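# Survey of secondary and tertiary structure
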Amino acid sequence: GNSVTQMEGPVTLSEEAFLTINCTYTATGYPSLFWYVQYPGEGLQLLLKATKADDKGSNKGFEATYRKETTSFHLEKGSVQVSDSAVYFCALSILLTGGGNKLTFGTGTQLKVEL
Amino acid sequence: DSGVTQTPKHLITATGQRVTLRCSPRSGDLSVYWYQQSLDQGLQFLIQYYNGEERAKGNILERFSAQQFPDLHSELNLSSLELGDSALYFCASSPLRLVSSTGELFFGEGSRLTVL
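Let me sum up the structure you'll find in this document. (Residues numbered from 1 in each chain as written. Chains lettered and ligands numbered in written order. Predicted model: local features only at pLDDT ≥ 70, side-chain atom pairs only at ≥ 80, totals over all residues. Heavy atoms only, no water.)

This brings us to the overall build of chain B. Broken down by element type, chain B carries zero helices and eleven strands. Along chain B, from the amino end to the carboxyl end, the secondary structure elements read β-β-β-β-β-β-β-β-β-β-β. The C-alpha atoms of chain B give a radius of gyration of 13 Å, which matches the 13 Å a tight globule of 116 residues would have. When its C-alpha atoms are laid out on the principal axes, chain B stretches across 40 × 30 × 25 Å. Among the 116 residues that make up chain B, the fraction classed as buried is 53%. If you take every contact in chain B between residues at least 6 apart in sequence, the share linking residues at least 24 apart comes to 56%. As displayed, chain B has an accessible area near 5600 Å², and 48% of this comes from carbon and sulfur atoms. Side-chain charges of chain B comprise 9 positive and 12 negative groups, with the mean position of each set lying 2 Å from the other. (Helix = DSSP H or I, 4+ residues; strand = E, 2+ residues; numbered from the N terminus. Rg over C-alpha atoms; globule rule 2.2 N^0.38 Å. Buried < 20%, exposed > 50% of the residue type's maximum accessible area, 1.4 Å probe, protein only. Contact = heavy atoms within 4.5 Å. Areas by Shrake-Rupley, 256 points an atom, 1.4 Å probe, with all protein chains shown as cover. Lys, Arg positive; Asp, Glu negative; His and termini not counted. Charge placed at Lys NZ, Arg CZ, Asp CG, Glu CD.)

A word on the layout of surface pockets. Its volume calculated, the largest pocket comes out at about 810 Å³. Taken together, 30 residues make up the lining of the largest pocket; nearest its centre are Gln37(B), Ser38(B), Leu39(B), Leu88(B) and Arg112(B). Elements that contribute at least two residues to the lining of the largest pocket include exactly β10 (86-95) and β12 (109-114) of chain A together with β4 (31-38), β9 (87-94) and β11 (111-115) of chain B. Taken together, the residues of the lining of the largest pocket sort by class into ten nonpolar, 14 polar and six charged. Around the second largest pocket, the lining comprises 18 residues; the ones closest to its centre are Gln45(A), Asp1(B), Ser2(B), Phe107(B) and Glu109(B). Secondary-structure elements contributing two or more residues to the lining of the second largest pocket are β6 (44-50) of chain A together with β1 (5-7) and β10 (106-107) of chain B. (1 Å grid on protein atoms, 1.4 Å probe; cavity = no way out; pocket = protein on both sides within 12 Å on 5 of 7 lines; lining within 4 Å. Points joined across faces, edges and corners; volume = space filled by probe spheres on them. Nonpolar A, V, L, I, M, F, W, Y, C, P; charged D, E, K, R; others polar.)

Attention shifts here to the pairing of strand β4 (residues 23-26) of chain A. All names here are of chain A. Here β4 shows a buried face lined by Cys 23 and Tyr 25 and an unburied face lined by Thr 24 and Thr 26. Two strands pair when backbone bridges link them, and strand β1 (residues 3-6) and β4 are joined in this way by four bridges, in the antiparallel orientation. Within the sheet, the bridge partner assigned to Thr 5 lies in β4 and is Thr 24. (Pairing = 2+ DSSP bridges.)

This part covers the state of the cysteines. In the structure shown here, the tally under the stated rule is two disulfides over all chains. The disulfide that involves Cys23(A) links it to Cys90(A), with 1.9 Å between the sulfurs. Every disulfide takes its handedness from the sign of the S-S torsion; for Cys23(A) and Cys90(A) that torsion is -70°, giving left-handed. Remark: Cys90(A) occurs in strand β10 and Cys23(A) occurs in strand β4; sequence separation between them is 67 residues. The disulfide partner of Cys23(B) is Cys91(B), and the S-S distance across this bridge is 1.8 Å. On the sign convention where negative means left-handed, the S-S torsion of about -55° between Cys23(B) and Cys91(B) marks this disulfide as left-handed. You can see Cys23(B) sitting in strand β3 (residues 19-24) and its partner Cys91(B) sitting in strand β9, a full 68 residues away along the chain. Residue classification places Cys23(B) among the buried residues on the basis of a relative accessible area of 0%. According to the relative accessible area criterion, Cys91(B) is buried, its value standing at 0%. (Disulfide = S-S within 2.5 Å.)

Structure (C-alpha cells):
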C-alpha cells in the first residue's frame, strides 16, 4: 500500500539554524508529494509540493526535492525562525480509480524554534 | 483562511451519544474529504465524496457515516460515541478539476470532539 514515513519529533532548534525533516515514501504508481504545515490551533496548510521526479518544491524559504531513486522528499530550510514552530506533515497523493484522490499523511514532526 | 468552513469548532458530549459535524467546502470545489486526527493515530483518512457520491473510503468505523448534499456541503455523523472517538475531525476540499488535480487539499480548522 501507500505510506509515508517521517522522522519523529519534536525537533528543537535555535533561531537561524538549518532544518532538515526527513520523509520517505512507499507508493504504487507515480504519486505527487507534499509538505503540509499545521500551526497551533489551526488546520493544515499546504507548504509546498512536487508532482514528478526531480521537481523541487519551494515556499517561504522551505525546499524539498522529489527523489524517486531514494523515494524521499526531505524538507529543508536554511535559517529557521521562531514563527516556523509548527507540526510538519509529509504526504503523498495518488489518483484513485473513478477519479478520486486522497492524501496519505505521515505522522507529523513537531518543530520548536527557540531564540 | 482556506475557504473551508467547519462547525462546530468544539463539541463535548457523553459516551453513547450521536453528533453531526458539518463542512462547507471552498466555492467551486466538488470534492470533500474527512480526516480524523488523534494523538495516537495521527491523521487518518476517513472518507471522500465527489459531487454527492462516495468516492473513497478509509479507516471509517461502521458507527460513522457521511454524506454530501446537492449544495456540496457535507456532514459526518458519529454515533454510539466512545471515549476513543475524542479527536480533531478535519474536513478538506479539493479543486474543481479533480482528475488533473495534483491532489492539493484545502483544510478547514477542524471540529474538536471530546467524549466524556
